[in-house]
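# Structural overview
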Amino acid sequence: MPEVSVRGRKLAFEVKPETFDRGALAVVCIHGTAGDREDWRFQLDGLSGRFTVIALELPGHGASDPPDEPTVPEFAQAVEVFVETLGLQRVVLVGCSLGSAITQWLALSPKPWLVGIGLVGAGARLRVHPALREGVLQDKDTAVDLFADFALGASPDPALRQLVREKFLHSSAELIYRDLTACNDFDVMERVGQVSLPTCIIVGEEDKLTPPKYAQFLHKAIAGSSLTTIPGAGHLVMVEKPAEFNASLSAFLGSLDRARTPRA
Ligand code: COA
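Residues numbered from 1 in each chain as written. Predicted model: local features only at pLDDT ≥ 70, side-chain atom pairs only at ≥ 80, totals over all residues. Heavy atoms only, no water.

## A few points about the environment of glycine 118
Tracing the backbone shows glycine 118 in strand S6 (residues 114-120). It is 4.8 Å that separates the C-alpha atoms of glycine 118 and cysteine 200, two residues lying 82 residues apart in sequence. The contacts of glycine 118, once residues within four sequence positions are left out, are Val92, Leu93, Val94, Gly95, Thr103 and Cys200. (Helix = DSSP H or I, 4+ residues; strand = E, 2+ residues; numbered from the N terminus. Contact = heavy atoms within 4.5 Å.)

Pasting the structure below:
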């Protein structure tokens, strides 16, 4: 798996296609709590025919080295340095959950390379229920079961629920706690209206961690944003309903590409 070095620390990622034009539109996907590049498998496979798709592993996740401070601003800085180190010139950041916080953080102080954002299972504030955050340190098995229930829609595919459960079980309680603390400390409710980039918001209709109410708040606050609510999915909508998710994201990315193509 490719990696870049950011201040002497390794950041791992997957990119499809493997050879790509640094000036073309690139989608950089940022996972949520205890996530890794596998969270974007359907986007890596499904969207890379039209766009460069990159799934970054945040510091401390997957094969990436640990961060100094596992906070949203620190993660955001790592993403910024990652994009600049790769030399990407036109990036759409797409973040889920904790990744959506990082994406909002970066969008609030725009970069020349950032041309749009996708907010998935997102909120401008991400308070975390104590049964999850403190719970994971007290009784990890119970908290992991709660996660598996909260992360997916009302009638999840049992195999997918098992996958989510195993992923959390294989993550350390400390890592989950730190990620959830980063979420819990995040609050840009008063400022998110200053985002002036093209924005697409996607939420599962049955999202229990960041309910559609949060997405509606973002949609109202961010001028010109689009909102897609996908039925039959929860927080991990990009994994639960990949076809519907990819159709929505692809339409948004296509609109950004068309907006740049000069008319004949
Ligand atoms: N967008 C829009 N509205 C939001 C919001 C957001 N991002 N975050 C909170 N709110 C709203 C709430 O819906 C609530 O509205 P209400 O008073 O009309 O019911 C109000 O702001 C206050 O909510 P909150 O800041 O969350 O505090 P709380 O003390 O009421 O609840 C929790 C705390 C943890 C119980 C609650 O946030 C919760 O159940 N969270 C969802 C589960 C979770 O852990 N998610 C993890 C996200 S990573």
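From this point, the discussion proceeds with the structure in view.
## Notes on the site of the ligand
In the vicinity of the ligand lie 14 residues, with Arg125, Val128, His129, Leu209 and Lys213 positioned nearest. Histidine 129 is positioned with one of its backbone polar atoms (N or O) 2.7 Å from an oxygen atom of the ligand. Within the complex, 62% of the 940 Å² of free accessible area of the ligand lies under protein. The biggest single contributor to the shell around the ligand is helix H8 (residues 212-221), with three residues. (Near = heavy atom within 4 Å. Polar contact = N/O pair within 3.5 Å; in protein donor to acceptor, adjacent residues only side chain to side chain. Areas by Shrake-Rupley, 256 points an atom, 1.4 Å probe, with all protein chains shown as cover.)

## Let's talk about H8
Since the α-helix packs 3.6 residues into each turn, any two residues three or four apart lie on the same face. Among the residues of H8, Pro212, Ala215 and Leu218 are the ones counted as buried. For H8, the angular spread of the buried residues around the axis is 115°, confining them to a single face. Exposed side of H8, more than 90 degrees from the buried face: Lys213 and Lys220 are the residues found there. Lining the buried residues of H8 we find helix H3 (98-107), S6, strand S7 (199-204) and strand S8 (226-230). (Buried < 20%, exposed > 50% of the residue type's maximum accessible area, 1.4 Å probe, protein only. Arc of directions from axis to C-beta.)

## Observations regarding the state of the cysteines
Counted under the stated rule, the structure contains zero disulfides. The thiol of cysteine 29 is not disulfide-bonded; the next cysteine sulfur, from cysteine 96, is found 10 Å away. Residue class for cysteine 29 comes out buried when judged on its relative accessible area of 1%. Cysteine 183 supplies the cysteine sulfur nearest to cysteine 96, a cysteine that is in no disulfide, at a spacing of 9.7 Å. A relative accessible area of 1% places cysteine 96 in the buried class. (Disulfide = S-S within 2.5 Å.)

## Comments concerning the pattern of salt bridges
One pass over the structure, following the stated rule, counts 16 salt bridges. Here arginine 41 ties to glutamate 14 by a salt bridge, and the two come within 2.8 Å at their closest N and O atoms. You can see arginine 41 sitting in helix H1 (residues 41-47) and its partner glutamate 14 sitting in strand S2 (residues 9-16), a full 27 residues away along the chain. With relative accessibility at 13%, the residue glutamate 14 sits in the buried group. For the salt bridge of arginine 133 with glutamate 134, the shortest nitrogen-to-oxygen distance reads 3.2 Å. The partly exposed category is assigned to glutamate 134, whose relative accessible area is 28%. Taken together, the shared-partner salt bridges in this structure form one network comprising Glu14, Arg37, Glu38, Arg41 and Glu57. (Salt bridge = Lys/Arg side-chain N within 4 Å of Asp/Glu carboxyl O.)

## Quick look at the pairing of S6
Counting buried positions along S6 yields six of seven residues, so the element is predominantly enclosed. Each parallel crossover has a hand, and for strand S5 (residues 90-96) linked through H3 to S6 it is right-handed. Pairing of S6 with S7, which is carried by four bridges, proceeds in the parallel orientation. For leucine 119, the partnering residue across the bridge sits in S7 and is isoleucine 201. (Right-handed = clockwise from strand over helix to strand, strands pointing away. Pairing = 2+ DSSP bridges.)

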